[in-house]
Structures are given as structure tokens and as C-alpha cells.
Amino acid sequence: MDSRLDGRAIAKSVRTATRNAVESFSAHADPPALAVVLVGDHPASASYVRGKKRAASEVGIQSTVHRRDASISQHELLDLIRTLNADDAVDGILVQLPLPDHIDQYAVIETIDPTKDVDGFHPQNLGRLLIGTPQFVPATPAGIMVLLERALDDLAGARAVVVGRSNIVGKPLAALLMQRDANATVTVCHSRTRDLAAHTKAADIVIAAAGRPNLITADMVSDGVTVIDVGINRVDDDSRERGYRLVGDVDYDAVAPKAHAITPVPGGVGPMTIAMLLRNTLQAAQHRRA
Ligand code: GUN
């Protein structure tokens, strides 16, 4: 049986639903508008931002990229965000991460108006998620929940192991999985976890979000496991024109035969992240202009 969980196809169905809803919305209002802030010339970030812009345009969301040099001061960046906060024509604001070292990422995120925070990274939005009254759910964890709903009938009581504790994936995902509408039993593992394999082997669901190629190998999972691979790692590959290829955190070829469902990289979580961002942007427009 093919265990491949096709994030591209599932993301496409989410985008189609969003496109239809954007069309209804835009029949009597200006289209939803997303402001993307991109600082510096991090190649992966520039590529993600291009992908977000293209996807926005395909569903009828208007987007503007505000590119700033890596040398921008924190003060200037906060000023830009305050300007976007005050601009009634802007529904959603997204600051692409990572930011240059001299900028305090948390100060930037806290400056975004929480009602425009389509990434869901503002402490108010993360706090609301934790207490079970979410406003904006971070896109990657939200997309992972959709993938899990497609792969499994019911998450209630399932043993879910999240590998990675970042603020943008691991922590919010753990909160979503233990929410009352999901009811999974959640373990969060990280770089200091002892005997990671003992945890992953006992899991019904493994979500790998550590950013380490080949972290999850076939001997570390049980038959019938559902695996979500959040890793996007560039590994050198001279046979590719661009000199690298993208791999996840999971040894896909070895794990797939044991898995009930598993997401590939690329074509798994990545497309879902973008689809959920578009959904959040529509939601911001609906909420702000109601
Ligand atoms: N960098 C890596 N993932 C993300 C994301 O989901 N949103 C933003 N803004 N930056 C990121």
C-alpha cells in the first residue's frame, strides 16, 4: 500500500476552498491584502516569500513585499511595522524569519497588531492557542493538523511524539494536538531528550521538526506509524544544477514501507504551510472588515 501523504494535493484543495471564499468576499469589498516584510537576502527566505506571493495571487489575495536591506536598524523595522499596522488597506502582516542577528525577533513580532498577525506568532495569539480560544493558528502546525485529519479517522488517545520545540512549529503543534477537539496524548522531544528512539517507537504519530537530516530512521518507528516530516534541509548534491537538494528529517525511503502514512519532502508540509497562511489572511480580512 502506498503510504505517501500528498501535501501538494491536499494543499490544493485547501487553496481552492480559500479561492472560492476570497471570490465571494471580493464581490463586495477590496480583496484581502497581505503585507510581507523580507529583510536581507537569505536565499531560502527569498524563495519562500516568492512562493507565498505567487500562491496569494492565485487565490485572489493581494500581496505586497516590503524588502529591506539586512543593515536596517531595529528602530526602522519597527517603524515599518507600525505603518503597516495603521494602514487600513492592510489585512495581514507577515515578517519572514529569520531576521539578522542585530534585530530582536521578539520585539518585532510583538509590534505586529495581533489582529493582523497572520503567522500567529504574537504572544497574544500563541497564548490564545494555548488556552483553547485561538485567533490565528501558526500556519505550519495548522497545516499538519489538516494532514493528520486526512491520514487518520480520529486522533483521540493517539500517542503523538513531536520532535522539536520551536515557537513556530513544535510548541504550537503540541498545543493543537492536546486540544479538546484533537485529544492526542503528546510527548515533546528535543535535542536533550534521552533515548529518542524509545519515544518514537512507542508513538502512533511522529512529527519530525528538528531540522536534522536522517534524524528519524526506520529502526526508530513502529509498523503502522503516521509520520509528518517538517524538516527542510539543504544537503550538498553535485548532481543537481543548483548544487543541493532538499531533504526532510526522516529517512523517507526506509520509513515509508513501515508507515500507515508519511509526508515527503518536498511536497508534504511545505505546501500546506502556504495554504494555511492564505486561509489566515482571508480570515483576517473577514474579521477586520466585518
Ligand atoms: N520562517 C520559517 N517559517 C516561517 C513561517 O512560517 N513564517 C515566517 N514569517 N517565517 C518563517
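Data block above holds the structure.
This one's a predicted model, so the numbers in the text were calculated from it and none came from an experiment.

**Student:** Describe the overall build of the protein, and please don't skip the residues or the numbers.
**Tutor:** Of the regular secondary structure elements, the protein holds ten helices and ten strands. In terms of C-alpha radius of gyration, the protein reaches 19 Å, essentially the compact-globule figure of 19 Å for 290 residues. Considered along the principal axes of its C-alpha atoms, the protein spans approximately 55 × 40 × 35 Å. Within the span of the protein, comprising 290 residues, buried residues form 51% of the whole. Put simply, of all contacts in the protein between residues at least 6 apart along the chain, 70% involve residues at least 24 apart. When the accessible surface of the protein is split by element, carbon and sulfur atoms take 48% of a total near 13900 Å².

**Student:** Got a sec to walk through the site of the ligand? Specific residues and values, please.
**Tutor:** Within the structure, the ligand sits among Lys-52, Leu-94, Val-95, Gln-96, Leu-97, Asp-119, Phe-121 and Ile-168. Note that a nitrogen atom of the ligand is positioned 2.8 Å from one of the backbone N or O atoms of Val-95. The fraction of the free accessible surface of the ligand (280 Å²) that becomes covered by protein chains is 81%.

**Student:** Quick rundown of the nonpolar core? Include the residues and the values.
**Tutor:** Formed by 55 residues in total, the largest nonpolar core has its most connected members in Ile-144, Leu-148, Leu-177, Ile-207 and Ile-228. Of all the elements in the fold, those that place two or more residues in this core are helix 1 (7-26), strand 1 (33-39), helix 2 (43-58), helix 6 (139-151), strand 4 (159-163), helix 7 (170-178), strand 6 (205-208) and helix 10 (269-288). If you tally residues by element for this core, the top one is helix 10, at nine residues. Setting aside its immediate chain neighbours within four residues, Ile-144 contacts Val-169, Leu-173, Ile-207, Ile-228, Val-230 and Val-269. Listed in part, the 20 residues of the second largest apolar core include Ala-208, Leu-215, Val-227 and Val-250.

**Student:** I'd love a proper account of the sheet that holds strand 6, names of residues and values included.
**Tutor:** Read from one edge of the open sheet, five strands run 5-4-6-7-10, paired in parallel fashion. Looking at strand neighbours, the two that pair on one side only are strand 5 (185-189) and strand 10 (259-262), the edges of this open sheet. This sheet shows a mean twist of 15° between the axes of neighbouring strands, independent of strand direction. Pairing between strand 6 and strand 7 (residues 225-229): four bridges, direction parallel. Each residue of the ladder has a partner; that of Ile-207, found in strand 7, is Ile-228. Its contacts with the sheet place helix 6 against strand 6, strand 7 and strand 10, and it is angled at close to 155° to strand 7.

**Student:** Mind laying out unusual backbone geometry, listing which residues take part and the relevant values?
**Tutor:** The step from Leu-97 to Pro-98 runs through a cis peptide bond, and the omega angle for that step is 0°. Structurally, Pro-98 can be placed in the loop between strand 3 (92-95) and helix 4 (105-111). Although it is not a glycine, Asn-183 adopts a positive phi angle of roughly 65°. As for its placement among the helices and strands, Asn-183 is situated in the loop between helix 7 and strand 5. If you check the backbone angles, Asp-195 has positive phi at about 50° while not being a glycine. Residue position: Asp-195 is located in the loop between strand 5 and helix 8 (196-201). Looking at Asp-195, the relative accessible area reads 53%, which means it is exposed.

**Student:** Pulling in residues and values, what's your account of helix 3 (residues 74-86)?
**Tutor:** An α-helical turn contains 3.6 residues, so any two residues separated by three or four positions project in the same direction. Over its 13 residues, helix 3 extends 18 Å from the first C-alpha to the last, a length consistent with the 18 Å expected when each residue adds 1.5 Å. Along helix 3, the residues that are buried comprise Leu-77, Leu-78, Leu-80, Ile-81, Leu-84 and Asn-85. Take helix 3 and look down its axis: the buried residues cluster within an arc of 155°, on one side only. What points out from helix 3, more than 90 degrees from its buried face, is the exposed set His-75, Thr-83 and Ala-86. Its buried side turned inward, helix 3 meets strand 1, strand 2 (62-68), strand 3 and helix 4.

**Student:** Can you break down the pattern of salt bridges residue by residue, with the values?
**Tutor:** Under the definition given, this model contains seven salt bridges. Across the pair Arg-240 and Asp-237 runs a salt bridge, and its minimum N-O distance is 3.6 Å. Judged by its relative accessible area of 40%, Arg-240 falls in the partly exposed class. When its relative accessible area of 12% is taken as the criterion, Asp-237 is described as buried. What you see here is one network of salt bridges that share partners, running through Asp-88, Asp-91, Arg-288 and Arg-289.

**Student:** Describe the pairing of strand 1, listing the residues and the values that go with them.
**Tutor:** Within strand 1, seven of the seven residues are buried, which leaves it mostly tucked inside the rest of the structure. Along strand 1, one buried face is formed by Ala-33, Ala-35, Val-37 and Val-39 and the opposite face, lined by Leu-34, Val-36 and Leu-38, is buried too. The pairing of strand 1 with strand 2 spans seven bridges and is classified as parallel. Across the sheet, the residue bridging to Val-37 is His-66, located in strand 2. At this point the chain moves from strand 1, through helix 2, to the parallel strand 2, and the crossover so formed is right-handed.

Conventions and cut-offs
Residues numbered from 1 in each chain as written. Predicted model: local features only at pLDDT ≥ 70, side-chain atom pairs only at ≥ 80, totals over all residues. Heavy atoms only, no water. Helix = DSSP H or I, 4+ residues; strand = E, 2+ residues; numbered from the N terminus. Rg over C-alpha atoms; globule rule 2.2 N^0.38 Å. Buried < 20%, exposed > 50% of the residue type's maximum accessible area, 1.4 Å probe, protein only. Contact = heavy atoms within 4.5 Å. Areas by Shrake-Rupley, 256 points an atom, 1.4 Å probe, with all protein chains shown as cover. Near = heavy atom within 4 Å. Polar contact = N/O pair within 3.5 Å; in protein donor to acceptor, adjacent residues only side chain to side chain. Core = buried A, V, L, I, M, F, W, Y, C linked by side-chain atoms within 4.5 Å. Pairing = 2+ DSSP bridges. Axes fitted to C-alpha atoms, helices over the stretch in contact; angles between N-to-C directions. Expected span 1.5 Å × (residues − 1). Arc of directions from axis to C-beta. Salt bridge = Lys/Arg side-chain N within 4 Å of Asp/Glu carboxyl O. Right-handed = clockwise from strand over helix to strand, strands pointing away.

Just distances and angles here, no functional claims.
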